[in-house]
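# Coordinate analysis (summary)
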Amino acid sequence: MPDYPEKLATILEDFNFITDPRERADYLIAFADRFEEAPAYITARPDSERNRVPACESEAFVWVEPQEDGTLQLHFAVENPQGLSAKALAAILDDCLSGLPAEEVAKVDPEIVFAIFGKNIAMGRGQGLTSMVAMVRSAAQRYLAERQR
Amino acid sequence: MTEIANRGYARPDVLVSTDWVAQHLNDPDVRIVESNEDPLLYASGHIPGAVEVDWLKDLNDPLRRDYLDRAGFEALMSRIGATPDTTIVFYGDKNNWWATYAFWIFQLFGHTNARIMDGGRLKWEKEGRALTRDVPSFATTNYKARERDDSRIRAFRDQVLAHVRTGLPLVDVRSPQEYSGERLHMPDYPNEGALRGGHIPGAKNVPWSRAVNPDDGTFKPAEALRAIYEGEQGLSPDDEIIAYCRIGERSSHTWFVLSYLLGYPRVRNYDGSWTEWGNTVGVPIER
C-alpha cells in the first residue's frame, strides 16, 4: 500500500487482519450504520447528476467541498436504502479523508476497495465501489490543478 | 396492489406473497433463500430462517466462467438441507435481480419446486416485518440432482450469433445508455468490462426494471407486461427470444417475467451477455 494518511492506513491494516468473512461483514455494517447523508445545501446543487457515481448499483453520489484552509470536506448520498456496501465505503472515506489537505486526498487509490471488502468483490460487483473512490480522487486532483492556475 | 392470483399470470404459482412467506417461516418443507447484489445485506439482517445463496461464491465456478456443476449443486442443496421436495423460495435486493438469477440456475438443474417472493427484500422491509441476524443451520441432506441442462433456457455465444443471423428477436435489458454504447465513451467511466459499446443487432431495449412497480418491487400485472413486451416492442408468445444484459443477472429477471408471468415457452438467457459479446472479435455490433 502506498503512503496513505494515517487514519486510512490504520483502517486498511485492520481489514488486512480480518480473515473471517462474517467478522468483515460485521465491521463493515458498523461503518454503514454510521453513514450520514450529505446535507441539503450540497444535494440541492443543480449539477448533482455530475456527482453521480458511475456503475454504482446503489445510486451513490459524491461531492468534494473545498474549505478555506485548503482541506477538503467529502459528502456522499446513497439513494438505495439497501446499498449497505456503498454506505460503508462512504463512511470510511468520510472518516479517513474529510478535513485533510487536497494533496492527501488525491493520493487515494481505488484499489483500497479490494483491501476493504475482500475477495467477495469480483465479476463487476466492486465496480461501483471503485468508481466511488476514483471520483473522490479525481475531484481532489481537479481541485489541485485549478488551484495551481 | 392486486393479489398475485388475479394478475393474469400464466404461472401464478411461481410467485408467493410476503404474507405467504410469513406464514411459512417454520415450515420444514420450505427453505427461504436470500440472494443479493450487496454482500453485506444478509449479514445485516434477513428473514428468520432464511439461508444465503451468493451468486458469486455459491453459484459460479471459482475458476472458469461458468456455473457450478452437478456435484457443486448437490453439495449446495445438501448444505442448506433441501430435498427435491423442498419448496425453495427466493428473495433479495434490487427487486429480486439475484433471486431470479438463482431461480434460473436452479432450473438448469431441474429444481422446479421453486418460487420467488413478490416484492423481494424491499417489500418485506417496507412492511416492517421481522429480520434477524441469526444464521440458521439445517440438518444436511443427501440431495441428488440431474446433470445441468444448458440446452433449454441458456444461450451461448455461437447460438446467439446464429439467432442474430436468422433475424430472431433479442431483448437487451440494460439501461438505454448501455444499449446505445454511450456509457463506454464517457470520460472517467469504468468500461463495464467490455472493449466495445453498443448492443447485439436487432435487440430491443427493455430495461428489466420496467417489469416491476418501483414502490414495492412487486411484478406488474400481466396486462401491463404485455403492453410493454407485445404492444410496444412487438414480441409475441410464439417467438424464440434471447435476453441478455452485462453478465446475465438482470436478464434472468426478464427471462422469468417472459417465461413464467407471460408464459412464453421459448425464452433463453444469454449469460455471457455484453461482457462476452463486447469483447469478442468479429461479432456484429449495433449502436
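Structure first, text after, so check above.
Residues numbered from 1 in each chain as written. Chains lettered and ligands numbered in written order. Predicted model: local features only at pLDDT ≥ 70, side-chain atom pairs only at ≥ 80, totals over all residues. Heavy atoms only, no water.

On to the overall build of chain A. Regarding its fold elements, chain A presents seven helices and three strands. Counting from the amino terminus, helix and strand elements in chain A follow one another as α-α-α-β-β-α-β-α-α-α. Since a compact globule built from 149 residues should have a radius of gyration of about 15 Å, the 15 Å found for chain A is in line with a globular shape. For chain A, the spread of C-alpha atoms along the principal axes amounts to about 45 × 35 × 25 Å. Long-range contacts, defined here as pairs at least 24 residues apart, represent 62% of the contacts in chain A between residues at least 6 apart. (Helix = DSSP H or I, 4+ residues; strand = E, 2+ residues; numbered from the N terminus. Rg over C-alpha atoms; globule rule 2.2 N^0.38 Å. Contact = heavy atoms within 4.5 Å.)

Now for the packing of aromatic side chains. If you walk through the whole model with that rule in mind, you get 24 aromatic pairs over all chains. Between Tyr-27 of chain A and Phe-31 of chain A, the aromatic rings sit 5.2 Å apart at their centres with planes inclined by 65°, giving edge-to-face as the arrangement. Of this pair, Tyr-27 of chain A and Phe-31 of chain A both sit in helix H2 (residues 21–33), four residues apart, roughly one helical turn. Judged by relative accessible area, Phe-31 of chain A falls into the buried class, the value being 4%. Considering the side-chain rings of Tyr-270 of chain B and Trp-277 of chain B, the 6.3 Å spacing of their centres and the 85° angle between planes classify their relative orientation as edge-to-face. Positioned above the aromatic ring of Trp-97 of chain B is the side chain of Lys-94 of chain B, whose terminal nitrogen or guanidinium carbon lies 5.7 Å from the ring centre. Over the ring of Trp-124 of chain B we find Arg-129 of chain B; its NZ or CZ atom is 5.4 Å from the centre of that ring. (Phe/Tyr/Trp six-rings, centres within 6.5 Å; stacked < 30°, edge-to-face > 60°. Buried < 20%, exposed > 50% of the residue type's maximum accessible area, 1.4 Å probe, protein only. Lys NZ or Arg CZ within 6 Å of the ring centre and 35° of its normal.)

So, on to helix H4 (residues 84–97) of chain A. Residues and elements named next belong to chain A. Between the first and last C-alpha of H4 there are 20 Å, a value that for 14 residues agrees with the 20 Å anticipated at 1.5 Å per step. Most of H4 is tucked away, with twelve of its 14 residues classed as buried. Every buried residue of H4 is listed here: Leu-84, Ser-85, Ala-86, Lys-87, Ala-88, Leu-89, Ala-90, Ala-91, Ile-92, Leu-93, Cys-96 and Leu-97. (Expected span 1.5 Å × (residues − 1).)

All names here are of chain A. The strand order across the open sheet built from three strands is E1-E2-E3, with neighbouring strands paired in antiparallel fashion. Pairing within the sheet leaves two strands with one partner each, and these edge strands are strand E1 (60–66) and strand E3 (100–101). Bridge count between strand E2 (residues 71–78) and E3: two bridges; the pairing is antiparallel. Bridging across to E3, Thr-71 finds its partner in Pro-101. Lying on the sheet, H4 is in contact with E2 and E3; it crosses E2 at an angle near 170°. Along the sheet, helix H7 (residues 127–148) contacts E1 and E2; its crossing angle with E1, the most-contacted strand, is approximately 25°. (Pairing = 2+ DSSP bridges. Axes fitted to C-alpha atoms, helices over the stretch in contact; angles between N-to-C directions.)

Here the focus is the packing of H4 of chain A against H7 of chain A. Residue and element names in this part refer to chain A. In contact at an axis separation of 10 Å, H4 and H7 are set at 25° when each is read in the N-to-C sense. The angle between H4 and H7 places the two elements in the roughly parallel class. In terms of crossing hand, the pair formed by H4 and H7 is right-handed. Contacts from Ser-85, Ala-86, Leu-89, Ala-90, Leu-93 and Leu-97 in H4 reach Leu-129, Met-132, Val-133 and Val-136 in H7. (Parallel < 35°, antiparallel > 145°, perpendicular 65-115°, else oblique. Left-handed = near helix turned anticlockwise from the far one by under 90°.)

Residues and elements named next belong to chain B. Here Asn-205 shows up in strand E7 (residues 203–205). Residue classification places Asn-205 among the buried residues on the basis of a relative accessible area of 17%. At 3.0 Å, the side chain of Asn-205 forms a polar contact with the backbone oxygen of Asp-172. Among the polar contacts listed, one links the side chain of Asn-205 to the backbone oxygen of Arg-174, at a separation of 3.0 Å. Leave out the neighbours within four places in its chain, and Asn-205 touches Asp-172, Arg-174, Ser-175, Pro-176, Tyr-179 and Gln-233. (Polar contact = N/O pair within 3.5 Å; in protein donor to acceptor, adjacent residues only side chain to side chain.)

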